[in-house]
Amino acid sequence: QVELVESGGGVVQAGGSLRLSCAASTNIFTVMIMAWYRQGPGKQLELVARITVGGSTMYADSVKGRFTISRDNAKNTVYLQMNSLKPDDTGTYYCNGRHLPSSREYWGQGTQVTVSS
């Protein structure tokens, strides 16, 4: 069983920064597409950013230029650097991993990000 554990959430003022981390409990991390999703108050779950095994990235339009996703395969960890945070970025952020050989998906428990105006 693969476990994903997020950390780094918190409360920050608008314009501030946070760095989220998601550590996987297994080396199969290296063949997993990793992503960050979020769910704001009263909103649907949305894809924020994704990084492939090879390091290619994609971002939601709402976070382009402000957020950066990266991965460290040696540490089985994916990061989300969030800069210039806005109140609309408030929500629970979830780490997601899809194992390419099996197509199985795994989710973390979520970490809360609150941006005050």
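Described below are features of the structure shown in this document. Each chain has its residues counted from 1, running along the sequence as written. pLDDT decides what is reported in this predicted model: residues at 70 or higher carry local features, side-chain atom pairs at 80 or more are listed and counted, and totals for whole chains, interfaces and linings draw on all residues regardless. Heavy atoms throughout the structure, all of them, feed into the side-chain values; hydrogens and water do not.

1. Concerning the packing of aromatic side chains
The aromatic pairing rule takes the rings of Phe, Tyr and Trp, using the six-membered ring of Trp, and pairs them if the centres are within 6.5 Å, calling planes under 30 degrees apart stacked, those over 60 edge-to-face and the rest tilted. All told, the structure shown has one aromatic pair when counted by the stated rule. Whether a charge sits over a ring depends on NZ of Lys or CZ of Arg being within 6 Å of the ring centre and within 35 degrees of the ring normal. Over the aromatic face of Y79 sits the side chain of R19, whose NZ or CZ is 4.0 Å from the ring centroid. Cation over ring: R71 sits above F29, and NZ or CZ is 4.6 Å from the ring centre.

2. Things to note about the state of the cysteines
Here, a disulfide means two cysteine sulfur atoms that sit within 2.5 Å of each other. For the structure on display, the rule yields one disulfide. Here C22 engages in a disulfide with C95; their sulfurs sit 2.1 Å apart. With the S-S dihedral at roughly -80 degrees, the linkage between C22 and C95 falls on the left-handed side. Separated by 73 residues along the polypeptide, C22 in strand 3 (residues 18-24) and C95 in strand 9 (residues 91-99) bring together distant segments of the chain. Taken as a pair, C22 and C95 share a single burial class, namely buried. Secondary structure elements are taken from DSSP: a helix is a run of H or I of four residues or more, a strand is a run of E of two residues or more, and numbering for both begins at the N terminus. Throughout, exposure labels follow a simple rule: accessible area from a 1.4 Å probe, protein chains only, divided by the maximum for the residue type, with under 20% read as buried, over 50% as exposed, and the rest as partly exposed.

3. Focus on the pattern of salt bridges
Salt bridge, as used here, is a side-chain nitrogen of Lys or Arg placed within 4 Å of a carboxyl oxygen of Asp or Glu. All chains considered together, the criterion is met by four salt bridges. In this structure, D61 and K64 form a salt bridge, with 3.1 Å as the shortest nitrogen-oxygen distance. In this pair, the class of D61 matches that of K64, namely exposed.

4. Some thoughts on the pairing of strand 8 (residues 77-82)
Strand 8 sits mainly inside the fold: five of its six residues count as buried. With six bridges connecting them, strand 3 and strand 8 associate as antiparallel partners. Directly across from L20, in strand 8, lies its bridge partner L80. Two strands qualify as a pair provided DSSP detects at least 2 bridges between them. Relative to strand 8, strand 7 (residues 67-72) is paired through six bridges, and the arrangement is antiparallel.

5. Brief notes about the side chain of E6
Mapping E6 onto the fold places it in strand 1 (residues 4-7). Counted as a polar contact is a pair of N or O atoms within 3.5 Å, where, for protein atoms, one must be capable of donating a hydrogen and the other of accepting one, and residues adjacent in sequence contribute only when both atoms are in side chains. One polar contact links the side chain of E6 to the main-chain amide nitrogen of C95, over a distance of 2.7 Å. Polar contacts involving the side chain of E6 include one to the main-chain amide nitrogen of Q109, which spans 3.0 Å. When residues no more than four places from it in sequence are discounted, the contact partners of E6 are S21, C22, W36, Y93, Y94, C95, G108, Q109, G110 and T111. Whether two residues are in contact is decided by their heavy atoms, any of which lying within 4.5 Å being enough.

6. What about unusual backbone geometry?
The phi dihedral of N76 is positive, around 55 degrees, even though this residue is not glycine. Mapped onto the secondary structure, N76 falls in the loop between strand 7 and strand 8. Not every positive phi belongs to a glycine, and S84 is a case in point at roughly 50 degrees. Take S84: it is sitting in the loop between strand 8 and strand 9.

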